[in-house]
Amino acid sequence: DAMVIQNPRYQVTQFGKPVTLSCSQTLNHNVMYWYQQKSSQAPKLLFHYYDKDFNNEADTPDNFQSRRPNTSFCFLDIRSPGLGDAAMYLCATAGGSTDTQYFGPGTRLTVL
Amino acid sequence: AQSVAQPEDQVNVAEGNPLTVKCTYSVSGNPYLFWYVQYPNRGLQFLLKYITGDNLVKGSYGFEAEFNKSQTSFHLKKPSALVSDSALYFCAVRRGNSGTYKYIFGTGTRLKVLA
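Residues numbered from 1 in each chain as written. Chains lettered and ligands numbered in written order. Predicted model: local features only at pLDDT ≥ 70, side-chain atom pairs only at ≥ 80, totals over all residues. Heavy atoms only, no water.

Caption draft 1: The interface of chain B and chain A, seen in detail. In this assembly, 23 residues from chain B lie in contact with 24 residues from chain A. The contact between chain B and chain A buries some 1,900 Å² in all, and 50% of this surface belongs to carbon and sulfur atoms. For the pair chain B and chain A, the number of links is one salt bridge. Here Lys102(B) ties to Glu57(A) by a salt bridge, and the two come within 2.7 Å at their closest N and O atoms. Taken together, the links from chain B to chain A amount to nine residue pairs in polar contact (both at pLDDT 80 or more). (Contact = heavy atoms within 4.5 Å. Buried area = accessible area lost by both parts, 1.4 Å probe. Salt bridge = Lys/Arg side-chain N within 4 Å of Asp/Glu carboxyl O. Polar contact = N/O pair within 3.5 Å; in protein donor to acceptor, adjacent residues only side chain to side chain.)

Caption draft 2: Inspection of the sheet that holds strand E3 (residues 19-25) of chain A at higher detail. All names here are of chain A. The antiparallel open sheet is built from four strands, whose spatial order is E1-E3-E8-E7. Here the strands that pair on one side only, and so sit at the sheet edges, are strand E1 (4-7) and strand E7 (64-67). The sheet shows a mean angle of 20° between the axes of neighbouring strands, taken without regard to direction. Inspection of the sheet shows E1 paired to E3 by four bridges, in the antiparallel sense. The partner of Val4 across the bridge, within E3, is Gln25. (Pairing = 2+ DSSP bridges. Helix = DSSP H or I, 4+ residues; strand = E, 2+ residues; numbered from the N terminus. Axes fitted to C-alpha atoms, helices over the stretch in contact; angles between N-to-C directions.)

Caption draft 3: Examining the state of the cysteines more closely. This structure, assessed with the given rule, holds two disulfides over all chains. The partner cysteine of Cys23(A) in its disulfide is Cys91(A), sulfur to sulfur 1.9 Å. Disulfide Cys23(A)-Cys91(A): torsion about the S-S bond near -75°, hence left-handed. Of the two residues, Cys23(A) sits in strand E3 while Cys91(A) sits in strand E9 (residues 87-94), which places them 68 residues apart along the sequence. In this model Cys23(B) forms its disulfide with Cys91(B); the gap between the sulfur atoms is 2.0 Å. An S-S torsion of about -65° defines the bridge between Cys23(B) and Cys91(B) as left-handed. Residue Cys23(B) is found in the loop between strand E3 (19-21) and strand E4 (24-26), and its partner Cys91(B) is found in strand E10 (residues 87-95); the two are separated by 68 residues along the sequence. Each member of the pair, Cys23(B) as well as Cys91(B), carries the same accessibility label: buried. (Disulfide = S-S within 2.5 Å. Buried < 20%, exposed > 50% of the residue type's maximum accessible area, 1.4 Å probe, protein only.)

Caption draft 4: Quick look at the packing of aromatic side chains. For the coordinates displayed, the defined rule picks out 20 aromatic pairs over all chains. Aromatic pair Phe34(B) and Tyr103(B): ring centres 5.5 Å apart, planes at 70°, arrangement edge-to-face. Here Phe34(B) is found in strand E5 (residues 33-38), whereas its partner Tyr103(B) is found in strand E11 (residues 102-105), with 69 residues between them in sequence. Here Phe34(B) and Tyr103(B) have matching classes, each one buried. Between the aromatic rings of Tyr50(B) and Phe74(B), the centroid separation amounts to 6.4 Å while the plane-to-plane angle is 55°, which identifies the pairing as tilted. In this pair, Tyr50(B) is assigned in strand E6 (residues 44-50) and Phe74(B) in strand E9 (residues 73-78), connecting sequence segments 24 residues apart. A relative accessible area of 8% means that Tyr50(B) is categorised as buried. Chaining the aromatic ring pairs together yields one cluster made of Tyr33(A), Tyr35(A), Tyr102(A), Phe103(A), Phe34(B), Tyr36(B), Phe46(B), Phe90(B), Tyr103(B) and Phe105(B). Stacked on the ring of Tyr101(B), the Lys or Arg Arg94(B) has its end atom at 3.5 Å from the ring centre. (Phe/Tyr/Trp six-rings, centres within 6.5 Å; stacked < 30°, edge-to-face > 60°. Lys NZ or Arg CZ within 6 Å of the ring centre and 35° of its normal.)

Geometric descriptors of this kind do not, in isolation, establish any biological role.
Laid out in structure tokens, this is it:
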């Protein structure tokens, strides 16, 4: 089945140790999004790609970076995780003839 | 600015009773409105959307939503609640131009269906 896949589902890292979260999709959507979600709050958009065009939200910390090497894959890099970065990170896609955003299962990040 | 509001943090309903989860919106132009559900430690699952056409939209798992332009509302409904419907529900609105669409989410409503 076509879907949005996130790996790993659970990630534990140490304070200040770089971490990379990955997202892949088989929907062939041209837009991919990264969200941060804390404690059942609304997802907060970090950035999104339209094809290879990168769109950063104004309030996304510089500590967060992203890469999209091809249509199928997108990565979220946290260069120096702090305790406040512990959250669920959600990847989503949209595009083609659909108006709908489709989400992956999320990666729960713990920072020790 | 485009936004949605979910006025209730939590809704409790008895199993078998009808449920309503409220959402109001503020948009310029025609709204593109969505409902998502989130189970613990999972991503958001799409339930239904309103783009144009009939004001009553039917979606997954027996859910439906009514678009009301005069009241700027898009309430989620189900005629008979199940315990398994207990989850976190988000209303969302799409904004932006083609290629730069963003989805703005409400604060979420936790639904508890009591057996």
